[in-house]
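Coordinate inspection notes
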Amino acid sequence: MSNTTAKYKDFLKEPMGNKPVTAVPGIGPVAGERLRNQEIEYASQMVGQYLRVRNDTEFTGWVKDTCGTGTGPANACTDGIKGYSENFM
């Protein structure tokens, strides 16, 4: 899926560093708080989860279950994490 939002472009333009989970496309303040409640504070932790799962559908389901997001935000998150992984790993 092609994603051209400003948040997506910003997320992919530089190395991860200590970006908060809310820097990930599809993750807003509410979903970010839900992730922090699961002790997931940084975008790099989400990349790690994506690499463990190695399946876009499963990762999207994990995002929906963990964050309580709908399909659109979960897909945006998956696209962002996948794009980052392809660009920097």
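Higher on the page you've got the structure.
In every chain, residue numbers begin from 1 and rise along the written sequence. In view of the model being predicted, local features appear only for residues whose pLDDT reaches at least 70, and side-chain atom pairs are presented and counted only at 80 or more, with totals across whole chains, interfaces and linings using the full set of residues. Side-chain metrics rest on all non-hydrogen atoms present in the structure, leaving aside hydrogens and water.

Here's the deal with the packing of helix α3 (residues 43–53) against helix α4 (residues 56–67)
The axes used here are C-alpha line fits, helices contributing only the stretch in contact, and every angle between their N-to-C directions lies in the interval 0 to 180 degrees. Secondary structure counts use DSSP, requiring at least four H or I residues in a row for a helix and at least two E residues in a row for a strand, with both numbered from the N terminus. At a closest axis distance of 8 Å, the pairing of α3 and α4 adopts a crossing angle of 135 degrees. As the angle between them shows, α3 and α4 are arranged oblique. Note that α3 runs across α4; the crossing there is right-handed. Contact residues: α3 offers M46, Q49, Y50 and V53, while α4 offers D56, E58, F59, W62 and V63. Residue type decides the class: Asp, Glu, Lys and Arg count as charged, Ala, Val, Leu, Ile, Met, Phe, Trp, Tyr, Cys and Pro as nonpolar, and the leftover types, Gly among them, as polar. A breakdown of the residues in the contact of α3 with α4 according to their chemical character gives 6 nonpolar, 1 polar and 2 charged. By the definition adopted for this analysis, an angle is roughly parallel if under 35 degrees, roughly antiparallel if over 145, roughly perpendicular if from 65 to 115, and oblique otherwise. The sense of a crossing depends on the near helix, which, turned anticlockwise from the far helix by less than a right angle, makes the crossing left-handed and, turned clockwise, makes it right-handed. In this analysis, two residues are considered to be in contact whenever any of their non-hydrogen atoms come within 4.5 Å of each other.

Considerations on the packing of aromatic side chains
Between the rings of Phe, Tyr and Trp (Trp by its six-membered ring), a pair exists once the centres lie within 6.5 Å; its type follows the angle of the planes, with under 30 degrees stacked, over 60 edge-to-face, and the other angles tilted. According to the stated counting rule, one finds 4 aromatic pairs in the structure shown. For the ring pair Y50 and F59, a centre distance of 5.3 Å and an interplane angle of 90 degrees mean the geometry is edge-to-face. Both residues of the pair, Y50 and F59, belong to the buried class. An aromatic cluster of three or more residues is present, and its members are F11, Y84 and F88. Relative accessibility under 20% of the residue-type maximum defines a buried residue, over 50% an exposed one, and the middle range a partly exposed one, all with a 1.4 Å probe and only protein chains included.

Some details on helix α5 (residues 71–88)
A helix's residues, less one, multiplied by 1.5 Å, set its expected span. Its 18 residues place the ends of α5 25 Å apart at the C-alpha level, agreeing with the 26 Å of an ideal helix rising 1.5 Å per residue. Considered for burial, the residues of α5 that qualify are A74, A76, C77, T78, D79, G80, I81, G83, Y84 and S85. On its buried face, α5 is in contact with α1 (6–12), α3 and α4.

Considerations on the pattern of salt bridges
Any carboxyl oxygen of Asp or Glu that lies within 4 Å of a side-chain nitrogen of Lys or Arg is treated as forming a salt bridge with it. For the coordinates displayed, the defined rule picks out 3 salt bridges. We note a salt bridge from D56 to K82, for which the minimum N-O separation is 3.0 Å. Pair noted here: D56 is in helix α4 and K82 is in helix α5, with a separation of 26 residues, a long-range link.

Scope: geometric values only; no functional claims are made or implied.
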